[in-house]
Amino acid sequence: MIRYTLRCERGHQFESWFQSSAAYESQERRHLIDCPSCGSDKIERAIMAPQIVSKKGREPAQPAPAAPVEAPPAESTSLMMAQERELRSKLKELRDHIVKNADNVGDRFPNEARKMHYGDIEHRPIYGEASPEEARALIDEGVEVSPLPTLPEDRN
């Protein structure tokens, strides 16, 4: 995983995690990354100070101080919180719909998805579990898969 500091065309700065730099570049090309403050999809990587490890004691050297970021006005923060609540609600609704209308095939998911993709079994909506490597292999084979949305409160 790699963490990037990103900036939109309006100067809003935020951080996001990606599987790799190639994953970031792919999402950026397809305009899949949006600014959480204004929704703009014109995003670029901001200049970042790398964390350098010194040879003595393997203690991290002090990174260069980051440029100060202006705190958004309170009105903007409450709007963002409302948008986040709405997004969480929509993700929960989507997940609940999938769980209600698809078969949970558990850890057989990669095999079942492949069988459907290659026409060995009839297509039907399924969901289940796959490791990141299994999911990557499915995508490389052209099998259309998407992660089931999870929310922080699901992990309790």
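Scroll up for the structure.
Residues numbered from 1 in each chain as written. Predicted model: local features only at pLDDT ≥ 70, side-chain atom pairs only at ≥ 80, totals over all residues. Heavy atoms only, no water.

So, the side chain of Glu 112
Now for step 1: Its location among the elements puts Glu 112 in helix H3 (residues 109-117).
Now for step 2: Within polar-contact distance, the side chain of Glu 112 engages the side chain of Arg 124 at 3.4 Å.
Now for step 3: Setting aside residues up to four positions removed in sequence, Glu 112 forms contacts with Val 105, Ile 121, Arg 124 and Ile 126. (Helix = DSSP H or I, 4+ residues; strand = E, 2+ residues; numbered from the N terminus. Polar contact = N/O pair within 3.5 Å; in protein donor to acceptor, adjacent residues only side chain to side chain. Contact = heavy atoms within 4.5 Å.)

Regarding a negative patch on the surface
Now for step 1: Negative charge collects at one region of the surface, where Asp 107, Glu 129, Glu 133 and Glu 134 lie side by side.
Now for step 2: Within the fold, Glu 134 resides in helix H4 (residues 132-140).
Now for step 3: Take Glu 134: its relative accessible area is 34%, and that puts it in the partly exposed class. (Patch = residues over 30% accessible without salt bridge, like charges linked within 9 Å, V, L, I, M, F, W, Y side chains within 5 Å. Areas by Shrake-Rupley, 256 points an atom, 1.4 Å probe, with all protein chains shown as cover. Salt bridge = Lys/Arg side-chain N within 4 Å of Asp/Glu carboxyl O. Lys, Arg positive; Asp, Glu negative; His and termini not counted. Charge placed at Lys NZ, Arg CZ, Asp CG, Glu CD. Buried < 20%, exposed > 50% of the residue type's maximum accessible area, 1.4 Å probe, protein only.)

Side note on the nonpolar core
Now for step 1: Tyr 4, Leu 6, Cys 8, Phe 14, Phe 18, Tyr 24, Ile 33, Cys 35 and Ile 43 together form the largest nonpolar core, which totals 9 residues.
Now for step 2: Secondary-structure elements contributing two or more residues to this core are strand S1 (2-8) and strand S2 (13-18).
Now for step 3: Of all hydrophobic cores here, the second largest spans 7 residues; its members include Val 105, Met 116, Ile 126 and Val 143. (Core = buried A, V, L, I, M, F, W, Y, C linked by side-chain atoms within 4.5 Å.)

Quick word on unusual backbone geometry
Now for step 1: The phi dihedral of His 31 falls on the positive side, at around 55°, and the residue is not glycine.
Now for step 2: Relative to the helices and strands, His 31 resides in the loop between helix H1 (21-29) and strand S3 (43-45).

Considering the sheet that holds S2
Now for step 1: Taken in spatial order, the 3 strands make up an open sheet running S2-S1-S3, and their pairing is antiparallel. With partners counted over all chains shown, the strands left at the sheet margins are S2 and S3, one partner each. Across the sheet, the mean angle from the axis of one strand to that of its neighbour is 40°, orientation sign disregarded.
Now for step 2: Inspection of the sheet shows S1 paired to S2 by 6 bridges, in the antiparallel sense. Residue pairing for S2: Arg 7 is matched across the bridge by Gln 13.
Now for step 3: Here H1 sits on the sheet and contacts S1, S2 and S3; the angle it forms with S3, its principal contact strand, is near 155°. (Pairing = 2+ DSSP bridges. Axes fitted to C-alpha atoms, helices over the stretch in contact; angles between N-to-C directions.)

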